[in-house]
Amino acid sequence: AGVGSRRDVRQLVKQGRVAVNGTVERDPGCRVRAGLDTVTVDGQRLETGPAGPLILMLNKPRGVITATRDATARTVLDLLPPALARRVFPAGRLDKDTEGLLILTDDGQLCHRLISPRHGVEKEYWVEVDGALPGELVASFAKGIRLDDGYVTRPARLAIEQASAPGQARVVLTEGRYHQVKRMFAACGLKVTALRRLRIGGLQLDPDLPPGKYRPL
Ligand code: URA
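The rules behind these values
- Residues numbered from 1 in each chain as written.
- Predicted model: local features only at pLDDT ≥ 70, side-chain atom pairs only at ≥ 80, totals over all residues.
- Heavy atoms only, no water.
- Helix = DSSP H or I, 4+ residues; strand = E, 2+ residues; numbered from the N terminus.
- Rg over C-alpha atoms; globule rule 2.2 N^0.38 Å.
- Buried < 20%, exposed > 50% of the residue type's maximum accessible area, 1.4 Å probe, protein only.
- Pairing = 2+ DSSP bridges.
- Near = heavy atom within 4 Å.
- Polar contact = N/O pair within 3.5 Å; in protein donor to acceptor, adjacent residues only side chain to side chain.
- Areas by Shrake-Rupley, 256 points an atom, 1.4 Å probe, with all protein chains shown as cover.
- Nonpolar A, V, L, I, M, F, W, Y, C, P; charged D, E, K, R; others polar.
- Core = buried A, V, L, I, M, F, W, Y, C linked by side-chain atoms within 4.5 Å.
- Contact = heavy atoms within 4.5 Å.
- Salt bridge = Lys/Arg side-chain N within 4 Å of Asp/Glu carboxyl O.

*Asks:* Which parts of the structure should I look at to understand the overall build of the protein chain?
*Replies:* The helix and strand tally for the protein chain stands at five helices and 13 strands. For a compact globule of 217 residues, the expected C-alpha radius of gyration is about 17 Å, and the protein chain comes in at 22 Å, more than 25% above that figure. Principal-axis analysis of the C-alpha atoms places the extent of the protein chain at approximately 70 × 30 × 30 Å. Burial status across the protein chain gives 41% buried among its 217 residues.

So this is what it looks like as structure tokens:
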């Protein structure tokens, strides 16, 4: 709720400055139900937020890394207000130069369901490469592509855009190995020059959400 770090809050609780439903609570391990219990600090009521998990959609811009902290680089959490940044973590990863849909949540189980290849949640990307895309690539992607480390990817759907947009395509994957899209095209002799994630499962990137902006789901 933006009051302080875990350590700060532990001190406040121990000093008897925190009350839950009108009673001073001195146990820092006490559990409260967000949106249901009334929590005050020095008599001031806190906004504990809605009940249930916090899930945010972020349109990740290029140049920002998908990490919770970094000594020098700007992270996706730097794009959120501190009270939210303290709660959520990214569900999956986009490369520094990749943009588009990133989900941030405080729900570990949801995160696991979204990124574990066992659940096979689709991730759709728009991609631009540095050359023409031969039609045969569609069948190669459907069979699975052997990457530089010998791993053969799961079948992927490739839709090559019209002749008006040479070198552009959409790719749908159900797994997310390190630099996977770039390595799949590299294995076919093509360099990815732009990459944007458009969809995770049934969730499309909101076209009205500018890069760098987020909204709760
Ligand atoms: N594949 C990549 O190569 N990079 C990403 O950021 C996401 C998928």
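*Asks:* Explain the pairing of strand E7 (residues 99–105) to me, please; I cannot follow it from the model alone.
*Replies:* Looking along a regular strand, one sees side chains alternate from face to face of the sheet. Counting buried positions over the seven residues of E7 gives seven, a clear majority of the element. As defined by bridge partners, strand E5 (residues 55–60) adjoins E7 across six bridges and the pair is classed as antiparallel. Pairing of Met-57 across the sheet is with Ile-103, part of E7. Relative to strand E11 (residues 192–200), E7 is paired through two bridges, and the arrangement is parallel. Paired with Gly-100 across the two strands is Arg-197, which belongs to E11.

*Asks:* What am I meant to see in the sheet that holds strand E1 (residues 18–20) here?
*Replies:* Note on sheets: strands pair through backbone hydrogen bonds, and any given pair is parallel or antiparallel. Spatially, four strands are ordered E2-E1-E3-E4 in an open sheet, and the strand pairing comes out antiparallel. Each edge of the open sheet is held by one strand with a lone partner, namely strand E2 (23–24) and strand E4 (44–45). Where strand E3 (residues 39–41) lies against E4, two bridges are found, and the strand directions are antiparallel. Its bridge partner lying in E4, Thr-40 is registered against Arg-45.

*Asks:* I would appreciate a short explanation of the site of the ligand in the present structure.
*Replies:* The immediate surroundings of the ligand are formed by Leu-94, Asp-95, Thr-98, Tyr-125, His-179, Gln-180, Val-181, Lys-182 and Leu-195. A distance of 3.4 Å is found between an oxygen atom of the ligand and a backbone nitrogen or oxygen belonging to Gln-180. Measuring from a nitrogen atom of the ligand, one finds a backbone N or O atom of Val-181 at 3.1 Å. The protein chains hide 95% of the 240 Å² of surface that the ligand would expose on its own. Broken down by element, the residue count for the shell around the ligand peaks at three residues, all from helix H5 (residues 180–186). Its residues assigned to classes, the shell around the ligand shows four nonpolar, three polar and two charged.

*Asks:* Just checking my understanding: could you explain the pairing of E11 for this structure?
*Replies:* Buried residues dominate E11, accounting for seven of its nine residues. As paired strands, strand E8 (residues 123–129) and E11 are joined by seven bridges and run antiparallel to one another. Of the residues in E11, the one forming a bridge with Trp-126 is Arg-196. As paired elements, E11 and strand E12 (residues 203–204) share two bridges and run antiparallel to each other. Each residue of the ladder has a partner; that of Arg-199, found in E12, is Gln-204. Between E11 and E12, which pair antiparallel and follow one another directly, the connecting turn spans two residues, one of which, Gly-201, has a positive phi of 55°.

*Asks:* How should the nonpolar core be read in this particular structure?
*Replies:* Soluble globular proteins: nonpolar side chains tend toward being buried together. With 33 residues, the main nonpolar core has Val-127, Phe-141 and Phe-185 as its most contacted residues. Among the secondary structure elements, those contributing two or more residues to this core are E5, helix H2 (82–85), E7, E8, helix H4 (136–143), strand E10 (168–173), H5 and E11. Beyond its immediate chain neighbours, meaning those up to four positions away, Phe-185 contacts Val-127, Val-129, Leu-133, Leu-137, Phe-141, Leu-158, Val-171, Leu-190 and Val-192. With 10 residues, the next largest nonpolar core counts Ala-91, Leu-101, Val-121 and Ile-200 among its residues.

*Asks:* Any chance you could explain the pattern of salt bridges here in plain terms?
*Replies:* Close approach of charged atoms allows side chains with opposite charge to pair. Applying the stated rule across the entire model yields 13 salt bridges. Here Arg-170 and Glu-161 are joined by a salt bridge, their closest N and O atoms 3.5 Å apart. What makes Arg-170 partly exposed here is its relative accessible area of 36%. The salt bridge partner of Arg-215 is Asp-206, with a shortest N-O separation of 2.9 Å. A relative accessible area of 18% means that Asp-206 is categorised as buried. When salt bridges with common partners are traced through the structure, they connect Glu-122, Glu-124, Arg-157, Glu-161, Arg-170 and Arg-199 into a single cluster.

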